[in-house]
Amino acid sequence: MTLQQLSQQYREEAQALHGRIVFLRQEQDRCDDRESAELLRRRIRELEPLHRQTRQLAELTARYYDRGYHKNAYYTL
């Protein structure tokens, strides 16, 4: 598997995570029960870092060999 293929997979996963977050926010807005709304809010907070990291990894793997690309310090040793 090449880094470009891996990047595409990360990008698709980031889109799926984003779609799930949007769906959960819509459910939270429609929710009448405070406890259920809090559970949805907690789930959204859990998914947001995964979404951010997946987007960052998609960019990193897509541009890994580009000259002048300043890699995210979080993912470098």
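Preceding this paragraph is the structure being described.
Now for a quick tour of the structure. Keep in mind that what you see is a predicted model, and the values were worked out from it rather than measured. (Residues numbered from 1 in each chain as written. Predicted model: local features only at pLDDT ≥ 70, side-chain atom pairs only at ≥ 80, totals over all residues. Heavy atoms only, no water.)

So, the overall build of the protein
Our working rule: Starting at the N terminus, helices and strands are each numbered in turn, a helix being any DSSP run of H or I of at least four residues and a strand any DSSP run of E of at least two. Only C-alpha atoms enter the radius of gyration, while the globule expectation follows 2.2 Å times N to the 0.38, with N the number of residues. Burial status follows relative accessibility: with a 1.4 Å probe on protein chains alone, a residue under 20% of its type maximum counts as buried, one over 50% as exposed, and anything between as partly exposed. Per-residue and other accessible areas were derived by the Shrake-Rupley procedure at a 1.4 Å probe size, with only the shown protein chains allowed to occlude residues. His residues and chain termini do not enter the charge count, which takes Lys and Arg as positive and Asp and Glu as negative. Charge positions come from single atoms, namely NZ of Lys, CZ of Arg, CG of Asp or CD of Glu.
A tally of regular secondary structure across the protein gives two helices and zero strands. In terms of C-alpha radius of gyration, the protein reaches 16 Å, well past the compact-globule figure of 11 Å for 77 residues. With respect to the principal axes defined by its C-alpha atoms, the protein has extents near 50 × 25 × 20 Å. When each of the 77 residues of the protein is scored for burial, the buried share is 22%. Taken as a whole, the protein presents about 6100 Å² of accessible surface, with 48% of it coming from carbon and sulfur. Within the protein, the 12 negative side-chain charges are centred at a point lying 7 Å from the centre of the 14 positive side-chain charges.

Remarks on the packing of aromatic side chains
We apply this condition: A pair of aromatic rings is counted whenever rings of Phe, Tyr or Trp (Trp by its six-membered ring) have centres within 6.5 Å, and the orientation is called stacked for planes under 30 degrees apart, edge-to-face for over 60 and tilted otherwise.
Under the criterion given, the structure shown has one aromatic pair. Seen in terms of ring centroids, Y64 and Y65 are 4.9 Å apart; in terms of plane orientation they differ by 90 degrees. Their pairing is edge-to-face. Judged by its relative accessible area of 38%, Y64 is partly exposed.

A closer look at the packing of helix 1 (residues 3-30) against helix 2 (residues 34-63)
Heads up, the rule is: Fitted lines through C-alpha atoms give the axes, limited to the stretch in contact for helices. The angle between two N-to-C directions lies from 0 to 180 degrees. When describing relative orientation, an angle under 35 degrees is termed roughly parallel and one over 145 degrees roughly antiparallel, while 65 to 115 degrees is termed roughly perpendicular and anything else oblique. Take the far helix as your reference; a near helix turned counterclockwise from it by less than a right angle gives a left-handed crossing, and one turned clockwise gives a right-handed crossing. Each residue is assigned to one of three groups, with Ala, Val, Leu, Ile, Met, Phe, Trp, Tyr, Cys and Pro labelled nonpolar, Asp, Glu, Lys and Arg labelled charged, and all others, Gly among them, labelled polar.
Orientation of helix 1 relative to helix 2, taken along the N-to-C sense of each, is 160 degrees, at an axis distance of 8 Å. In terms of their interaxial angle, helix 1 and helix 2 are classed as roughly antiparallel. By crossing handedness, the relation of helix 1 to helix 2 is classed as left-handed. In the contact of helix 1 with helix 2, the residues fall into 15 nonpolar, seven polar and nine charged.

Section: the nonpolar core
As a reminder of what qualifies: Nonpolar cores were defined as sets of buried Ala, Val, Leu, Ile, Met, Phe, Trp, Tyr and Cys residues, with membership established by side-chain atoms within 4.5 Å. Should any heavy atoms of two residues lie within 4.5 Å, those residues are counted as being in contact.
In this structure, L17, I21, L24, L40, I44 and L47 together form the largest nonpolar core, which totals six residues. Elements represented by at least two residues in this core include exactly helix 1 and helix 2. In this structure, L24 is in contact with L40, R43, I44 and L47, ignoring residues within four places of it in sequence.

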